[in-house]
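Secondary and tertiary structure notes
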Amino acid sequence: MLTSRISSLPLKSILPCSHLLSPLRIPTRSLNVAIIGSGPSGCYALKYLLSSPLNSSNNLRINVFDKCHTPWGLLRSGVAPDHQDVKNASNDFEAAFEREEVKFYGGVEIGKTLKLQHLTSTHKIIILSHGCSTSNFPSLTSSPSPSNVIHSKNIVDWYNGVPGVIGPILNSKNGVLKVTIIGGGNVTLDISRILLKSVLKCPSLEESDIVERAFERLRREVGRVEVRVLNRRGGMQTAFTIKEFRDLTKMTGEDMGINIKKEDIEKSTNEESLTELDKSRPLKRLWKLLSSVSSSPTTGTIANLSIEYFLNPYGYTVDPSTNTVTSVKCRVTELEGEPFKQKPKDTDVEVDVETDLVVWSTGYKGEAIEGLERYFDNGVYRCEGGRVGVEGGCRLYACGWIRRGAVGIVGTNIQDARETVRRVVEDFEGGEGEGGGEGGGVEEVMREEGVEWVDWEGWKRIDEVERRRERKRVDEQIREKIVDVDEMMKIGKYL
Ligand SMILES: Cc1cc2nc3c(=O)[nH]c(=O)nc-3n(C[C@H](O)[C@H](O)[C@H](O)COP(=O)(O)OP(=O)(O)OC[C@H]3O[C@@H](n4cnc5c(N)ncnc54)[C@H](O)[C@@H]3O)c2cc1C
């Protein structure tokens, strides 16, 4: 009786998921997908693949590769240790890795540890989500690279526990460290905040997952800190966001001060910049805060931050005996060009900024996986809606920073991961998933190649060790990261 009632109902009312009604050809063979990179974009792609129509048969298998032995990309190695609310985005991804059809291969760098052909021969689809992890900055000197000039990536990797990173030389004089950060985005504010919190001995830093190698050295070697942030353009072109700056203003008090010069604020209000201000609500709010900080500057006894505008670094004064920079030579700039396209133009006025450490915070760049250079331009894969091309019959897609460039917050990766997965589904639906590797066998290939890896269970063991009480500075500390690859492999290697 019941059966006959069901069979008389329209199909739509029986099936729980409306997508099953689409003319999708349910895969009848195994469909192996490789995701290169387990940062936010790779993890969002994984989530959307698992909930896509492609997973309505049991034949989908998703292999996630990461060159790091640990997952989560910049959530672990970029986002500041005291921004645990952002880092917690990884909680949302864990369930996906528990699924039977998903495998994690940590410590496997595609293009190096494992060649691209090994993936194309064992997968039908590859999603490139390997982010932007290279950095460069102008040398400004003909002498060998001074030892106290670094890229922001170096200091960020150091305090976030990337294995093998030694960190900056902290040449403080009488306990005072003068740091010049060139470029004024949110990463600059992260670095400033960590340095300031360190000398202020903020419990929020002690309880964070800043690694002991950085925490201990900062505490031991730096008693006071003076951070100067140099921007080539004016206040209206500020690259950081209000939330990050407001957090810093809340730290001011007897110990800590923030300073923005009044003349910089006045010079920032040229006609073109006022047009920019008029058209942007977030900028209006930020401008109000910058102006108010500038009208009541504060000086702290042990920590100071100064945001400076209209300065273009063009050279260094180098102490040849130590090959260290003692000051950054800057030309004062003025703006030229239309609203939203204003560029800094040097004047002949010069300023010297005394310094013990120079940090170029000028962004990250992407690099193609070896063998995919021909799809690559200007630090990103050329793609249309996430589609990159076909290699050895295997379809290639991209999402995240390596698709859009190194801009945007964690949440920005949701949109393009979703779009990329939509393209994968559309292509498969259109019969495009026929070529490529038959799947299976990637582990056999890795064994043949002598590749060792950390699997998901291995990462869980590492995670547990890192969270264990005896490793921590204080009970409240979230974790003490393992910074040694051999130790990670000892705990997490897949046998
Ligand atoms: C210093 C810093 C601080 C940030 N702070 C915040 C913040 O507070 N809030 C916020 O919302 N956003 C923040 N962001 C931005 C956020 O981290 C990015 O939007 C996001 O991480 C980009 O995700 P992705 O997956 O594209 O790249 P990534 O997170 O970089 O992930 C790429 C992954 O690919 C792996 N990989 C690279 N090459 C290979 C290869 N050849 N083979 C295998 N694996 C490979 C890498 O190891 C990495 O795990 C910050 C970024 C930086 C740099």
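Only a predicted model underlies this, so the values are computations on that prediction, with no experimental measurement involved.

A tally of helices and strands in the chain yields 20 helices and 17 strands. Its C-alpha atoms give the chain a radius of gyration of 26 Å, within 12% of the compact-globule value 23 Å for 495 residues. The principal-axis extent of the C-alpha atoms belonging to the chain is close to 85 × 55 × 50 Å. When each of the 495 residues of the chain is scored for burial, the buried share is 42%. Partitioning the contacts of the chain with sequence separation of at least 6, the portion at a separation of at least 24 is 78%.

With that out of the way, let us pick up the nonpolar core. Counting residues in each nonpolar core, the largest one holds 59 residues, and the members touching the most others are Ala45, Ile127 and Leu128. For this core, the leading source of residues is helix H3 (residues 40–50), giving six residues. Leave out the neighbours within four places in its chain, and Ala45 touches Ile35, Ile127, Ser129, Cys399, Ala417, Thr420 and Val421.

Strand order in this open sheet of three strands is S10-S11-S12, and the pairing throughout is antiparallel. Pairing within the sheet leaves two strands with one partner each, and these edge strands are strand S10 (311–319) and strand S12 (343–354). Across the sheet, the mean angle from the axis of one strand to that of its neighbour is 25 degrees, orientation sign disregarded. Judged from the nine bridges that link them, strand S11 (residues 324–336) and S12 form a sheet pairing that is antiparallel. The residue of S12 that forms the bridge with Lys329 is Asp352.

Here we take up the site of the ligand. Neighbouring the ligand are 36 residues; Gly37, Gly39, Gly73, Gly131 and Gly400 lie closest to it. Examining the composition of the shell around the ligand, we find that three residues originate from one element, H3, more than from any other.

Once that is clear, we can look at helix H19 (residues 456–467). The terminal C-alpha atoms of H19 lie 16 Å apart, and with 12 residues this matches the ideal 16 Å at 1.5 Å per residue to within 8%. Buried within H19 we find Gly458, Trp459 and Ile462. End-on view of H19: buried residues confined to an arc of 100 degrees, all on one side of the axis. Residues of H19 that are exposed and angled more than 90 degrees away from the buried face: Glu457 and Glu464. If you follow the buried residues of H19, they end up packed against strand S3 (102–106) and helix H20 (485–492).

Bringing the domain arrangement of the chain into the picture now. Assigned domains of the chain: these are domain 1 (2–133 + 365–453) and domain 2 (149–360). One C-alpha centre belongs to domain 1, the other to domain 2; they are set 37 Å apart. Between domain 1 and domain 2, the contact holds seven residues from the first and 14 residues from the second. A breakdown of the residues in the side of domain 1 that touches domain 2 according to their chemical character gives two nonpolar, three polar and two charged.

The next subject is the packing of H19 against H20. Contact geometry for H19 and H20: axes closest at 8 Å, N-to-C directions at 115 degrees. Crossing angle aside, the handedness with which H19 passes H20 is right-handed. Contacts between H19 and H20 involve Gly458, Trp459, Arg461, Ile462 and Val465 from the former and Met488, Ile491 and Gly492 from the latter. Considered class by class, the residues forming the contact of H19 with H20 number five nonpolar, two polar and one charged.

Let us look at the UniProt feature "binding site: FAD" (unreviewed entry) in the chain. Taking the UniProt record as the reference, the feature "binding site: FAD" (unreviewed entry) is found at Ser41, Leu74, Ile110 and Trp401. Note on placement: Ser41 falls in helix H3. Residue classification places Ser41 among the buried residues on the basis of 32 C-beta atoms within 10 Å. The residues touching Ser41, leaving out its near neighbours within four places in the chain, are Ser129, Cys399, Gly400, Trp401, Asn413 and Ala417. Summarising the element assignment, Leu74 is placed in helix H4 (residues 74–77). Ignoring sequence-local partners within four residues, the contact set of Leu74 consists of Gly39, Val79 and Gly131.

Turning to the sheet that holds strand S9 (residues 303–308), a few remarks are in order. Ordered in space as S5-S13-S6-S7-S9-S8, the six strands form an open sheet in which the pairing is parallel. Looking at the sheet topology across the chains shown, the edges are occupied by strand S5 (149–151) and strand S8 (256–260). Ignoring which end each strand starts from, the neighbouring axes of this sheet average 20 degrees apart. The pairing of strand S6 (residues 176–182) with strand S13 (residues 357–360) spans four bridges and is classified as parallel. Looking at S13, one finds that Val179 is bridged to Leu357. Contacts between helix H9 (residues 186–200) and the sheet are confined to S6, strand S7 (224–230), S8, S9 and S13, with S7 contributing the most and set at about 165 degrees to the helix.

In the UniProt entry, the feature "binding site: NADP(+)" (unreviewed entry) is given for Arg232, Arg233, Glu244 and Gly408. With respect to the helices, strands and loops of the structure, Arg232 is situated in the loop between S7 and helix H12 (242–249). The topology assignment puts Gly408 in the loop between helix H16 (401–404) and helix H17 (412–429). Taking the C-beta count within 10 Å as the criterion, Gly408 has 15 such neighbours and is therefore assigned partly exposed.

Where S7 and S9 come together, six bridges link them in parallel fashion. Its bridge partner lying in S9, Leu230 is registered against Glu308. As paired elements, S8 and S9 share five bridges and run parallel to each other. Each bridged residue has a counterpart across the sheet, and for Asn259 the counterpart in S9 is Ser306.

Quick look at H17 now. Over its 18 residues, H17 extends 27 Å from the first C-alpha to the last, a length consistent with the 26 Å expected when each residue adds 1.5 Å. Buried within H17 we find Asn413, Asp416, Ala417, Thr420, Val421, Val424, Val425 and Phe428. The elements touched by buried residues of H17 are H3, strand S4 (125–128), strand S17 (394–398) and H16. A positive phi of about 85 degrees marks Gly431, the residue just after H17.

About the cut-offs
Residues numbered from 1 in each chain as written. Predicted model: local features only at pLDDT ≥ 70, side-chain atom pairs only at ≥ 80, totals over all residues. Helix = DSSP H or I, 4+ residues; strand = E, 2+ residues; numbered from the N terminus. Rg over C-alpha atoms; globule rule 2.2 N^0.38 Å. Buried ≥ 20, exposed ≤ 12 C-beta atoms within 10 Å, placed from the backbone. Contact = placed C-beta atoms within 7 Å. Core = buried A, V, L, I, M, F, W, Y, C linked by C-beta atoms within 7 Å. Pairing = 2+ DSSP bridges. Axes fitted to C-alpha atoms, helices over the stretch in contact; angles between N-to-C directions. Near = placed C-beta within 6 Å. Expected span 1.5 Å × (residues − 1). Arc of directions from axis to C-beta. Domains from an automatic or database assignment. Nonpolar A, V, L, I, M, F, W, Y, C, P; charged D, E, K, R; others polar. Left-handed = near helix turned anticlockwise from the far one by under 90°. UniProt positions renumbered as here; feature names shortened; annotations may be inferred.

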